[in-house]
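Overview (structure and organization)
These are the residues of each chain, in order.
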Amino acid sequence: MQDPVRITTAGGSFAAYVARPQKLPAPAIVVVHEVFGVNADIRQSCDELAAQGYLAICPDLFWRIAPGVELSDGTEAERAQGQALYNAFDLDAGVDDIVATLRAARDMPDVTGKVGVVGYCLGGLLAFLTVARAGCDAAVAYYPGNADKYAREASRIASPLIVHLAEKDEYIPTDAQREIVAALAERPQVQVYNYPGRGHAFARHRGISYNAEAAALANGRTAAFLALHLQKH
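Here goes a summary of the coordinates provided. Keep in mind it's a predicted model, so treat the numbers as computed, not measured.

Mapped onto the elements of the fold, Thr222 is located in helix H6 (residues 212–231). Residue contacts for Thr222: discarding those within four places in its chain leaves Val140, Tyr142, Ile162 and His164.

In structure tokens, the structure reads:
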């Protein structure tokens, strides 16, 4: 079952897509979107998590600059628009909005109290920053672009985290990937996975770089990790 909710903060309120599992109460997962907004792809990711037994909630983090925007990677114009949104986006405010969503999710009567974060691309970076700055019960970052620029924050990570990196990522070059891996190497609760020969956004449904084999492997690892940390008591 899907329905929207609104998250209220001191700075304003914003919409969030919610996918609910059949069995409640359940752990919650805040799903963090890419530069394309809360689109069909990210809603599908929420629905898949709901099918695994989670209440998945995806806040519209572009509410200050382009509320309700829905793009895809299918055209050059949409990709350019997504890049413009990325350039205009306030990362710190985005982290604050994710933390507000985590708090709201934790307080929902349908939630067990355990909450995680799963983010993709821009959302992967935001998941990384959120777990460093605020923590949660478990976090997953898919191909977190520019995470190398925030590598110094890795020392603050105390929550379980997995990071999925694509070896041939055109947005996270080899040197940046090495910096991310090195920054996380001292965190025993963090695991980094690399996907040989794959490009950025290999797990984006119907995306131009989608790879079914790599997506299945990454999503399987994510599912096992989330079950370990959010579902087992």
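Take the side chain of Thr130 next. Along the chain, Thr130 turns up in helix H4 (residues 122–133). Excluding anything up to four places from it in sequence, Thr130 contacts Val95, Ile98, Val99, Leu102 and Gly135.

Across its 12 residues, H4 extends 16 Å between first and last C-alpha, which sits within 8% of the 16 Å expected from 1.5 Å per residue. The set of residues buried in H4 consists of Leu122, Gly123, Gly124, Leu125, Leu126, Ala127, Phe128, Leu129, Thr130, Val131 and Ala132. Directly after H4, the chain includes Gly135, whose backbone phi takes a positive value near 80 degrees.

Per the stated rule, a full pass over the model turns up 11 salt bridges. Residue Arg133 pairs with Asp92 through a salt bridge whose shortest N-O separation is 2.8 Å. Here the residue Arg133 occupies a position in helix H4, and Asp92 occupies one in helix H3 (residues 91–107), the gap between them amounting to 41 residues. Residue Arg133 is classed as partly exposed on the basis of its relative accessible area, which comes to 31%. Residue Glu153 pairs with Arg133 through a salt bridge whose shortest N-O separation is 2.9 Å. Within this pair, whereas Glu153 is found in the loop between strand E6 (138–142) and strand E7 (161–166), its partner Arg133 is found in helix H4, the two being separated by 20 residues in sequence. Within the structure, one salt-bridge network assembled from shared partners comprises Asp92, Arg133, Glu153 and Arg156.

Rules used in this analysis
- Residues numbered from 1 in each chain as written.
- Predicted model: local features only at pLDDT ≥ 70, side-chain atom pairs only at ≥ 80, totals over all residues.
- Heavy atoms only, no water.
- Helix = DSSP H or I, 4+ residues; strand = E, 2+ residues; numbered from the N terminus.
- Contact = heavy atoms within 4.5 Å.
- Expected span 1.5 Å × (residues − 1).
- Buried < 20%, exposed > 50% of the residue type's maximum accessible area, 1.4 Å probe, protein only.
- Salt bridge = Lys/Arg side-chain N within 4 Å of Asp/Glu carboxyl O.

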